[in-house]
Amino acid sequence: MQRLLAGNDRLLANKTLHAQSLESIRQHAESQAPYAQVFGCADSRVPVEAIFDEDFGDVFVTRTAGNVLSEPTIGTIEYGVAALKTPLIVVLGHQNCGAVKAAVDAMKDPSKTPAGALGALVSALVPAAREVEDRGADICSAALEAHIRKTVETLQTSPVVSSAVAAGTLRVVGASYDLATAKVTLYR
């Protein structure tokens, strides 16, 4: 976690170390040995390697809109634990998440739930919005935190993840990225 946060500090100080290059791609073509996993949002403004100033092969990244879990997504994260032996999973949400806002809107007015698969994605976030609906103006930020915390808990119930946590070889944490400042904040 300290290495990820140090990379974020370098980004904030505008002193990044890792410029992406073809040479770097080639160096990692044969294998990978990431030191951490990040389960992030699919939002194009949340590029994990840039946020943490990391290079190719350093971080195993899984992304879905709104950090919504599915069986294949959990399987991808389990692969990182079982096959790549990553000792850290960071569930990284972000402020002003469109999926979380859509869930808050759908919670307030169910007719605003989109149809089809997008509606299923939004509906997966509605419980977090309901959990914090009394927060007033700060409901989206509170819903994000509630959802990220629940996602951490859900991942910790996976047999692969829970075994590694119990063995002391894995830590799962939640965090938020601020789009305006680029700062990552851990949820304690």
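Residues numbered from 1 in each chain as written. Predicted model: local features only at pLDDT ≥ 70, side-chain atom pairs only at ≥ 80, totals over all residues. Heavy atoms only, no water.

Rules: UniProt positions are given in the numbering used here, feature names are shortened, and annotations may be inferred rather than shown by experiment.
An unreviewed UniProt entry lists the protein under the name carbonic anhydrase, with Lentzea atacamensis given as the organism. Quoted verbatim from the Sequence similarities (unreviewed entry) field of the UniProt record, the comment on the protein reads "Belongs to the beta-class carbonic anhydrase family." Taken from UniProt, the Function (unreviewed entry) comment for the protein reads in full: "Catalyzes the reversible hydration of carbon dioxide to form bicarbonate."

## Things to note about the packing of aromatic side chains
Put simply, the test is: By convention, a stacked pair of Phe, Tyr or Trp rings (six-membered ring in the case of Trp) has centres within 6.5 Å and planes under 30 degrees apart, an edge-to-face pair has planes over 60 apart, and any other such pair is tilted. Going along the chain from the N terminus, every DSSP run of H or I of four or more residues is numbered as a helix, and every run of E of two or more is numbered as a strand. Residue burial is assigned from relative accessible area. The probe radius is 1.4 Å, only protein chains are included, and a residue is buried under 20% of its type maximum, exposed over 50%, and partly exposed in between.
According to the stated counting rule, one finds one aromatic pair in the structure shown. Seen from their ring centres, Phe60 and Tyr79 are 6.0 Å apart, and the 45 degrees between their planes marks the pair as tilted. With a gap of 19 residues between them, Phe60 in strand β2 (residues 59–64) and Tyr79 in helix α4 (residues 71–82) connect regions that are remote in the sequence. Given a relative accessible area of 41%, Tyr79 falls into the partly exposed group.

## Quick word on the layout of surface pockets
Here is the rule: Whether a set of points on the 1 Å grid over the protein atoms alone is a cavity depends on a 1.4 Å probe fitting there but being unable to get out, while an open set qualifies as a pocket with protein on both sides within 12 Å along at least five of seven lines; lining residues are those with an atom within 4 Å of a point. Grid points are joined across faces, edges and corners, and a volume is the space filled by probe spheres set on the points. Throughout, the ten residues Ala, Val, Leu, Ile, Met, Phe, Trp, Tyr, Cys and Pro are labelled nonpolar, Asp, Glu, Lys and Arg are labelled charged, and all others, Gly among them, are labelled polar.
Approximately 180 Å³ is the volume found for the largest pocket. Taken together, Asn67, Val68, Leu69, Ala124, Pro127, Ala128, Glu131, Ala146, His147, Lys150, Thr151 and Thr154 form the lining of the largest pocket. With five residues, helix α7 (residues 139–156) is the largest single contributor of residues to the lining of the largest pocket. In terms of residue class, the lining of the largest pocket is built from six nonpolar, four polar and two charged.

## Digging into the pairing of strand β1 (residues 36–41)
Spelled out, the test is: Here the rule is simple: two strands pair whenever DSSP picks up at least two bridges between them.
With six of six residues buried, β1 is to be regarded as a mostly interior element. As judged from the six bridges shared by β1 and β2, these two strands associate in the parallel manner. Across the sheet, Phe39 pairs through a bridge with Thr62, a residue of β2. For β1 and strand β3 (residues 88–94), the ladder comprises four bridges, and the chain directions are parallel. Among the inter-strand pairings, Gly40 is bridged to a residue of β3, identified as Leu92.

## Some words on the sheet that holds strand β4 (residues 171–177)
Consider a sheet: its strands pair through backbone hydrogen bonds, and that pairing is either parallel or antiparallel. Filter applied, for reference: Angles here are taken between N-to-C directions and fall from 0 to 180 degrees, while the axes themselves are lines fitted to C-alpha atoms, restricted in helices to the stretch in contact. Contact between two residues is taken to exist if any of their heavy atoms lie within 4.5 Å; hydrogens are not considered.
Judged by pairing direction, the sheet is mixed, and its five strands sit side by side in the order β2-β1-β3-β4-β5 without closing on themselves. Strand pairing shows two members of the sheet lacking a second neighbour, β2 and β5 (184–187), which therefore form its edges. Adjacent strand axes in the sheet meet at a mean angle of 25 degrees when their direction is disregarded. Two elements, β3 and β4, share seven bridges in a ladder whose sense is parallel. Paired with Leu92 across the two strands is Ala175, which belongs to β4. Packing against the sheet, helix α1 (residues 2–12) makes contact with β1, β2, β3 and β5, and its axis sits at approximately 150 degrees to β5.

## Focus on α7
Given 3.6 residues to a turn, an α-helix orients residues that are three or four positions apart in the same direction. Inclusion rule: By definition here, a helix of n residues has an expected span of 1.5 Å times n minus one.
Between the first and last C-alpha of α7 there are 26 Å, a value that for 18 residues agrees with the 26 Å anticipated at 1.5 Å per step. Restricting attention to buried positions, one finds in α7 the residues Ile139, Ala142, Ala143, Leu144, Ala146, His147, Ile148, Thr151, Val152 and Leu155.

## Description of the pairing of β5
As paired elements, β4 and β5 share four bridges and run antiparallel to each other. When the bridges of β5 are listed, Gly174 appears paired with Tyr187. Once β4 ends, the chain turns through six residues before running back antiparallel as β5, passing Ala182 with a positive phi of about 75 degrees.

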